[in-house]
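Now for the letters of each chain:
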Amino acid sequence: MREQSRDQYQAIAERLLSANHVVVSTGAGVSKESGVPTFREADGLWSKFRPEELANVDAFIRNPERVWEWYQWRRDLISKVKPNPGHYALVELDTLLNRFTLITQNVDNLHQVAGNEYVVELHGNIQRNKCHKCSKFFEEGSIVFEQGSLPKCDCGGLIRPDVVWFGEMLPEDAIQTAWIAAESCDIFLSIGTSAVVYPAAQLPYIAKDAGAFLVEINPEVTELSPLTDISIREASGVALPKIVAALKDL
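Residues numbered from 1 in each chain as written. Predicted model: local features only at pLDDT ≥ 70, side-chain atom pairs only at ≥ 80, totals over all residues. Heavy atoms only, no water.

Caption draft 1: Spotlight on the sheet that holds strand β6 (residues 159-163). In space, the three strands of this open sheet follow the order β5-β4-β6, with antiparallel pairing throughout. With partners counted over all chains shown, the strands left at the sheet margins are β5 (137-138) and β6, one partner each. By the bridge criterion, two bridges tie strand β4 (residues 124-131) to β5 in an arrangement that is antiparallel. Bridge assignment links Asn-129 to a residue of β5, and that residue is Phe-138. (Pairing = 2+ DSSP bridges. Helix = DSSP H or I, 4+ residues; strand = E, 2+ residues; numbered from the N terminus.)

Next comes the structure, spelled out in structure tokens:
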């Protein structure tokens, strides 16, 4: 089994080295390895709520303070975690390869903290904020939520976290960039995602249809697994450093 794994890493490294364009798509599993709870994991007060009850426009209009409190709880959790070896391995891949596009469904900003300068964020970024009325963006740290005082924009609109809520469209520029990247890549790596949340889950299928070599890194079998050329059943923090090591040996 160990020998087979080495062969797989070698095959992936060779594909990466010869590729003109490499696309990586990451999901919640990558962040969970750093200790970030998945979207549906909560404890204490928030265990009484389903995410759908808080992460939507209607909930924000009805009770913006409750929604802000939930997101502040999530931000506090994320502030206590650090990127894991998988995150840092992706930074190395970015420096080693000809053309590298990193797409993520995660909103925790850990890819950027690790050192990836350009990340296509399909679901936004929990560290940023925007006005719900005029869509003006506010950078990290510029808006602070305090109980009893909801942040407001100069236009009078309520400021909210810059994340995609249930029922909202993904950012047009992000999804368009992701689509084009998937259609033009030579190798597509799906990492730490269950491959069931659309439209992000469609990206590996687009890449495969366009002729890309498809790699999955996930401890669990997913709906995407039967379509892949290579599936690595390990955590990204284990598998990605091995791929980087194999690439450096070539």
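Caption draft 2: Up close: the nonpolar core. Counting residues in hydrophobic clusters, the biggest one holds 29 residues, and the most contacted among them are Leu-16 and Val-22. Those elements that provide at least two residues to this core are α1 (2-18), β1 (22-26), α6 (85-96), β2 (100-104), β7 (187-191), β8 (213-217), β9 (230-232) and α10 (236-249). The element that contributes the greatest number of residues to this core is α10, accounting for six residues. (Core = buried A, V, L, I, M, F, W, Y, C linked by side-chain atoms within 4.5 Å. Buried < 20%, exposed > 50% of the residue type's maximum accessible area, 1.4 Å probe, protein only.)

Caption draft 3: Structural context of the packing of α6 against α10. Between α6 and α10, the least distance of the axes is 7 Å, while the angle of their chain directions is 30°. When the axis of α6 is compared with that of α10, the two are roughly parallel. You can see that α6 and α10 cross each other, and the crossing is left-handed. In contact with Pro-85, Gly-86, Ala-89, Leu-90, Glu-92, Leu-93 and Leu-96 of α6, α10 contributes Ser-236, Gly-237, Leu-240, Pro-241, Val-244, Leu-247 and Lys-248. The residue inventory of the contact of α6 with α10, partitioned by class, reads nine nonpolar, three polar and two charged. (Axes fitted to C-alpha atoms, helices over the stretch in contact; angles between N-to-C directions. Parallel < 35°, antiparallel > 145°, perpendicular 65-115°, else oblique. Left-handed = near helix turned anticlockwise from the far one by under 90°. Contact = heavy atoms within 4.5 Å. Nonpolar A, V, L, I, M, F, W, Y, C, P; charged D, E, K, R; others polar.)

Caption draft 4: Main features of the environment of Ile-187. With respect to the helices and strands, Ile-187 occurs in strand β7. Spatially, the C-alpha atoms of Ile-187 and Pro-204 are 9.7 Å apart, while their sequence positions differ by 17 residues. Not counting the four nearest positions on each side in its chain, Ile-187 is found in contact with Ile-12, Arg-15, Leu-16, Ala-19, His-21, Val-22, Val-23, Ala-212, Phe-213 and Val-215.

Caption draft 5: Expanded view of the pairing of β1. Counting buried residues in β1 gives five out of five residues, a clear majority hidden from the surface. Along β1, one buried face is formed by Val-22, Val-24 and Thr-26 and the opposite face, lined by Val-23 and Ser-25, is buried too. Pairing of β1 with β2 involves five bridges; the strand directions are parallel. Across the sheet, the residue bridging to Thr-26 is Thr-104, located in β2.

Caption draft 6: Here's a closer look at the packing of aromatic side chains. Enumeration over the complete set of coordinates arrives at three aromatic pairs. For the pair Phe-60 and Trp-165, a centre-to-centre distance of 5.4 Å together with 50° between the ring planes defines the contact as tilted. You can see Phe-60 sitting in helix α4 (residues 57-62) and its partner Trp-165 sitting in the loop between β6 and α8 (172-184), a full 105 residues away along the chain. When the ring of Trp-70 is compared with that of Tyr-71, the centres are 4.9 Å apart and the planes differ by 70°; the resulting orientation is edge-to-face. (Phe/Tyr/Trp six-rings, centres within 6.5 Å; stacked < 30°, edge-to-face > 60°.)

Caption draft 7: Representation of the side chain of Ser-190. Turning to its location among the elements, Ser-190 is positioned in strand β7. Those residues in contact with Ser-190, other than ones at most four positions away along the chain, are Ser-25, Val-215, Glu-216, Ile-217 and Leu-224.

Caption draft 8: View of the state of the cysteines. Evaluated as defined, the whole model comprises zero disulfides. The thiol sulfur of Cys-153 is not disulfide-bonded, and the nearest other cysteine sulfur, from Cys-134, lies at 3.8 Å. Between Cys-155, a cysteine without a disulfide, and Cys-131, which holds the nearest cysteine sulfur, the sulfur-to-sulfur distance is 3.5 Å. Judged by its relative accessible area of 33%, Cys-155 is partly exposed. (Disulfide = S-S within 2.5 Å.)

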